[in-house]
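These are the residues of each chain, in order.
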Number of protein chains: 2
Amino acid sequence: MKLTMLYSFLKADIEEIEKELSKAIDSETALLKNASLHLLQAGGKRIRPVFVLLSAKTGHYDIHRVKNAAVALELIHMASLVHDDVIDNSEMRRGRTTIQAEWNNQVAMYTGDYMFARALNYMTVIEDATAHRILSDAIVELCLGEIAQIEDKYRFNQSIKDYFRRIKRKTALLIAVSCQLGAVAGEASAEAQRRLYRFGYYVGMAYQITDDILDFTGTEKELGKPAGGDLLQGNITLPVFFAMEDRELGHRIRKIHEDMPKEDLQDIIDLILKTDAIKRSSVISQRYLVKALEQLDELPPSRAKKSLRDIAIFIGKRKY
Amino acid sequence: MKLTMLYSFLKADIEEIEKELSKAIDSETALLKNASLHLLQAGGKRIRPVFVLLSAKTGHYDIHRVKNAAVALELIHMASLVHDDVIDNSEMRRGRTTIQAEWNNQVAMYTGDYMFARALNYMTVIEDATAHRILSDAIVELCLGEIAQIEDKYRFNQSIKDYFRRIKRKTALLIAVSCQLGAVAGEASAEAQRRLYRFGYYVGMAYQITDDILDFTGTEKELGKPAGGDLLQGNITLPVFFAMEDRELGHRIRKIHEDMPKEDLQDIIDLILKTDAIKRSSVISQRYLVKALEQLDELPPSRAKKSLRDIAIFIGKRKY
């Protein structure tokens, strides 16, 4: 089953947002346009816009109003991906070369800046001071998460709490805010706004943990980039914490460094896969999903609510 | 005479903003805090906050309200400097090592992102949709200007129009917006808002041209970085356009490249200084200043207006 089938009734609106995204990154500057298009055309799940729209559907839905928040959130997400690739020196993203690989770090930096600036343009249409406060706070946290990720690289004595805080900042908050801003733009009740925020937060946590699992279990074709990349980059994700509980394996993991031969890393990944690290990580991801679904329970029944539920369940099972 | 003497009656408020800037970049993440402080403590003229405050003084001045716009604009400016240094691979800024030289490109990128995000936090206090639109448009232009600067590097057949558009985007617009937002925050008349925007725009153009002249005529001590840096980076500034009118010198300038020995570059700079390029550039800078002052003429007399006038004149004569 495809993710898009879970919100097929939004098809026309999602297409509208896709068109708007193309318009957003259009620019007379060829370099900027090409670099932005390069990422946009690589696709992506557009999960943030989908959450914005579905959350708005729990209130008074006006696509012309809410689309601005949806476009803004996807642009902010894309900007953060571009800057993230600079940090990680990533070559591939969504089956394509990254902007920094195709052009260079400088172009990637300004392409991210530009997407971010365009996001702000779109947000100004939402004349609600609270919405702006929520979003700018989330962006600050996003930056803190990215910096923490640099600081925590290869720091094998960090705690699992550091990991959870990092993925909260890096992923969960922006998804939470997608849901919340959708609800705000749709003028949903304060109760619905709170519930949807929490739903997004829990889904986001589950989503990132699944991502971190897939980095071990996925194939290069499924991931659109080589597997095991996180560990090679020194990013210590949930399965690694569990794997390090094995004394001998922990010892080998702690010796991972940037210039390690690929084969040695593959050995370690194979050993991690033989532990219960993946299974235990999945359990935690599932636990977050259950919490997400509980938030929805309190909302009145609707097609949007059913979609949110289906997407959350899909995310828990996703293989890419 | 010192610049600060021209607005001494604002001393307490400027100190308040300085305090707020320190607070803004404070962060539990040591890396981020140290990198941001590194730039903040290097000082700077804080010309954007000063323009915000003085412009607000033409209306109803409330420091608690207007300071948020002032802090936001200085943070956006600082963020753009940090990203600019990554592009230019600059080692020095305001007599200090740059963040990218002291740490690395990655840290500089996220420090800029963080400052920018914090700027948005401050802006959300200004509940005026127009203000947000003005600012986000200016930020988009700022990014376009930075990208254009990359594209136009070593492109010696560009037109002088490309230069003016670049400095408009890179410098003048944000100064224009500083004045405009100050006026908006102070609820000054629509006429005053328009006039102050234009004043800022013209001052900004003059300011950047002077900056570009000083890069040739200033000493390393005055500039806080080595002279001639622009040309070595391939940034073609106003004096270079005039110097290239000399056929032989133009021929030599067009051969400038990244790995050129410093002595060869110094030779070319010395030759440029012997032409009328600096003088002709100064004339254009002065012309912008005159236009700036004309905008003020139409505003009712006030201490703030006198300060704006004095600062504009000072900027035309500045040596650093």
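Residues numbered from 1 in each chain as written. Chains lettered and ligands numbered in written order. Predicted model: local features only at pLDDT ≥ 70, side-chain atom pairs only at ≥ 80, totals over all residues. Heavy atoms only, no water.

Peer 1: Tell me about the confidence of the model for chain A, residues and numbers included.
Peer 2: Overall, the predicted model of chain A reaches an average pLDDT of 91, with 99% of residues at or above 70. Per-element confidence in chain A is highest for helix α12 (residues 238–243) of chain A, whose mean pLDDT is 97, and lowest for strand β1 (residues 92–93) of chain A, whose mean pLDDT is 76. (pLDDT = per-residue confidence, 0-100. Helix = DSSP H or I, 4+ residues; strand = E, 2+ residues; numbered from the N terminus.)

Peer 1: Help me get a handle on unusual backbone geometry, residues and values and all.
Peer 2: Among all residues except glycine, the phi angle is most often negative; among peptide bonds, the trans geometry is most common. Positive phi is not limited to glycine here, since A:Tyr154 has a value of about 60°. On the accessibility criterion, A:Tyr154 (23% relative accessible area) is partly exposed. The residue B:Glu187 is not glycine, and still its phi comes out positive at about 50°. Relative to the helices and strands, B:Glu187 resides in the loop between α8 (160–185) and α9 (190–217). (Buried < 20%, exposed > 50% of the residue type's maximum accessible area, 1.4 Å probe, protein only.)

Peer 1: Got a sec to walk through the relation of the copies chain A and chain B? Specific residues and values, please.
Peer 2: Overlaying chain A on chain B yields an RMSD of 0.0 Å, the required transformation being a rotation through 180° with an accompanying axial translation of 0.0 Å. Seen this way, the second copy is the image of the first under a two-fold rotation axis. It is A:Met109 whose C-alpha, among those of chain A, lies nearest the rotation axis, at 3.6 Å. Comparing contact sets, 100% of the residues at the interface of chain A also lie at the interface in chain B, consistent with an isologous, same-surface contact. (Least-squares fit on C-alpha atoms with pLDDT ≥ 70 in both. Contact = heavy atoms within 4.5 Å.)

Peer 1: Give a detailed account of the packing of helix α6 (residues 105–123) of chain A against helix α6 (residues 105–123) of chain B, specifying residues and quantitative values.
Peer 2: The interhelical angle for the contact between α6(A) and α6(B), taken along N-to-C directions, is 10°, at an axis separation of 12 Å. In terms of orientation, α6(A) lies roughly parallel with respect to α6(B). For the pair α6(A) and α6(B), the contacting residues are A:Met109, A:Asp113, A:Phe116 and A:Leu120 in the first and B:Met109, B:Asp113, B:Phe116 and B:Leu120 in the second. Of the residues assigned to the contact of α6(A) with α6(B), the class counts are six nonpolar, no polar and two charged. (Axes fitted to C-alpha atoms, helices over the stretch in contact; angles between N-to-C directions. Parallel < 35°, antiparallel > 145°, perpendicular 65-115°, else oblique. Nonpolar A, V, L, I, M, F, W, Y, C, P; charged D, E, K, R; others polar.)

Peer 1: Quick one: what's the story with helix α3 (residues 47–57) of chain A, residue by residue and with numbers?
Peer 2: The buried fraction of α3(A) amounts to 10 of the 11 residues, a majority that puts the element mostly inside the structure. Here α3(A) has its buried residues at A:Ile47, A:Arg48, A:Pro49, A:Val50, A:Phe51, A:Val52, A:Leu53, A:Leu54, A:Ser55 and A:Ala56.

Peer 1: Account for the packing of aromatic side chains, with residues named and values stated.
Peer 2: Scanning the entire structure with this criterion turns up 13 aromatic pairs over all chains. Between A:Phe51 and A:Phe199, the ring centres sit 5.8 Å apart and the planes meet at 80°, which makes this aromatic pair edge-to-face. Here A:Phe199 lies in helix α9 (residues 190–217) and A:Phe51 lies in helix α3, a separation of 148 residues in the sequence. Judged by its relative accessible area of 0%, A:Phe199 falls in the buried class. Taking 6.3 Å as the distance between ring centres and 55° as the angle between the ring planes, the aromatic pair formed by B:Phe164 and B:Tyr288 counts as tilted. With B:Phe164 in helix α8 and B:Tyr288 in helix α15 (residues 277–297), this residue pair connects regions lying 124 residues apart in the sequence. Here the aromatic residues A:Tyr163, A:Phe164, A:Tyr201, A:Tyr202, A:Phe241 and A:Tyr288 are joined through ring pairs into a cluster of three or more. Over the ring of A:Tyr61 we find A:Lys57; its NZ or CZ atom is 4.0 Å from the centre of that ring. (Phe/Tyr/Trp six-rings, centres within 6.5 Å; stacked < 30°, edge-to-face > 60°. Lys NZ or Arg CZ within 6 Å of the ring centre and 35° of its normal.)

Peer 1: So what about the packing of helix α1 (residues 11–25) of chain B against helix α3 (residues 47–57) of chain B? Which residues, and what values?
Peer 2: Residues and elements named next belong to chain B. Contact geometry of α1 with α3 gives a least axis separation of 11 Å together with a crossing angle of 130°. As judged from the angle between their axes, α1 and α3 are oblique. α1 and α3 meet at a crossing whose hand is right-handed. The segment α1 lies against α3, with Asp-13, Ile-14 and Ile-17 engaging Pro-49, Val-50 and Leu-53. (Left-handed = near helix turned anticlockwise from the far one by under 90°.)

Peer 1: Give me the environment of A:Leu231: which residues, what numbers.
Peer 2: Among the secondary structure elements, A:Leu231 is positioned in helix α11 (residues 229–232). Filtering out sequence-adjacent residues up to four positions away, A:Leu231 remains in contact with A:Asp215, A:Phe216, A:Val240, A:Ile256, A:Leu265, A:Ile268 and A:Ile272.

Peer 1: Describe in detail the interface of chain A and chain B, supporting the description with residues and values.
Peer 2: Counting residues at the interface gives 38 residues for chain A and 38 residues for chain B. Counting each side, the surface lost to burial between chain A and chain B is near 3700 Å², with a carbon and sulfur contribution of 68%. At the junction of chain A with chain B, the criterion picks out two salt bridges. Note that A:Arg133 and B:Glu127 form a salt bridge whose closest N and O atoms lie 3.0 Å from each other. Where chain A meets chain B, there are 18 residue pairs in polar contact (both at pLDDT 80 or more). No other element matches the 13 residues that helix α7 (residues 129–151) of chain A contributes to the side of chain A that touches chain B. Grouping the amino acids of the side of chain A that touches chain B by side-chain chemistry returns 18 nonpolar, nine polar and 11 charged. (Buried area = accessible area lost by both parts, 1.4 Å probe. Salt bridge = Lys/Arg side-chain N within 4 Å of Asp/Glu carboxyl O. Polar contact = N/O pair within 3.5 Å; in protein donor to acceptor, adjacent residues only side chain to side chain.)

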